[in-house]
Amino acid sequence: MDRGCYGVECVTMLFALKVLAPQSFFMLRGNHEVREIQEEFSFYRECLMRFNAELWDIINMTFDRLPIAATIDGKWYCA
């Protein structure tokens, strides 16, 4: 979520897709869904400049609950 100026819109769309199709849309937590990484790149600054730190914290509380791995066709996948 830190590779452009529309990170908040991107993550909002992903969350909406998950709500709309929970059984067929899956999300994993990758290394860019970690607070320390976001502070190094642009997502943290984007949230502060365009919104506030509370939004950034709420988004990250959601990221904290995403799984870090999944099984696909019987094989492990980790983002």
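Residues numbered from 1 in each chain as written. Predicted model: local features only at pLDDT ≥ 70, side-chain atom pairs only at ≥ 80, totals over all residues. Heavy atoms only, no water.

Right, let's talk about the pairing of strand β2 (residues 75-78) for a bit. For strand β1 (residues 69-72) and β2, the ladder comprises 4 bridges, and the chain directions are antiparallel. Counterpart to A70 in the pairing with β2 is Y77. Once β1 ends, the chain turns through 2 residues before running back antiparallel as β2, passing D73 with a positive phi of about 50°. (Pairing = 2+ DSSP bridges. Helix = DSSP H or I, 4+ residues; strand = E, 2+ residues; numbered from the N terminus.)

Here the focus is the packing of helix α1 (residues 7-20) against helix α3 (residues 43-50). Where α1 contacts α3, the axes come no closer than 9 Å and their chain directions differ by 100°. One finds that α1 runs roughly perpendicular with respect to α3. Within the contact between the two elements, α1 uses G7, V8, E9 and V11 and α3 uses F43, E46, C47 and R50. Partitioning the contact of α1 with α3 into residue classes produces 4 nonpolar, 1 polar and 3 charged. (Axes fitted to C-alpha atoms, helices over the stretch in contact; angles between N-to-C directions. Parallel < 35°, antiparallel > 145°, perpendicular 65-115°, else oblique. Contact = heavy atoms within 4.5 Å. Nonpolar A, V, L, I, M, F, W, Y, C, P; charged D, E, K, R; others polar.)

Time to look at the state of the cysteines. Overall, the coordinates contain 0 disulfides when judged by the stated rule. Between C47, a cysteine without a disulfide, and C10, which holds the nearest cysteine sulfur, the sulfur-to-sulfur distance is 12 Å. The class of C47 is buried, set by a relative accessible area of 0%. Considering cysteine sulfurs only, C10 is the nearest to C78, which forms no disulfide, with 19 Å between them. (Disulfide = S-S within 2.5 Å. Buried < 20%, exposed > 50% of the residue type's maximum accessible area, 1.4 Å probe, protein only.)

With that settled, consider α1. For an α-helix the count is 3.6 residues per turn, leaving residues at separations of three or four pointing the same way. Here α1 contains 14 residues, and its C-alpha end-to-end distance of 20 Å stays within 8% of the 20 Å for a straight helix at 1.5 Å per residue. For α1, the set of buried residues is G7, V8 and V11. Here the buried residues of α1 occupy an arc of 100° about the axis, which is enough to place them on one side. (Expected span 1.5 Å × (residues − 1). Arc of directions from axis to C-beta.)

Taken as a whole and assessed by the stated rule, the structure comprises 5 salt bridges. Note that D57 is salt-bridged to R35, the shortest N-O span being 3.7 Å. Placement of the pair is D57 in helix α4 (residues 53-63) and R35 in helix α2 (residues 35-40), with a sequence separation of 22 residues. We classify D57 as partly exposed; its relative accessible area is 32%. Judged by its relative accessible area of 23%, R35 is partly exposed. One salt bridge in this structure joins E46 and R50, with 2.7 Å as the shortest N-O distance. Of this pair, E46 and R50 are both found in helix α3, 4 residues apart, which corresponds to roughly one turn of the helix. A residue is classified by how much of its surface remains accessible, and E46, at 6% relative accessible area, is buried. Overall, the relative accessible area of 37% leaves R50 in the partly exposed class. Three or more residues are tied together by salt bridges with common partners; here these are R29, R35, D57 and D64. (Salt bridge = Lys/Arg side-chain N within 4 Å of Asp/Glu carboxyl O.)

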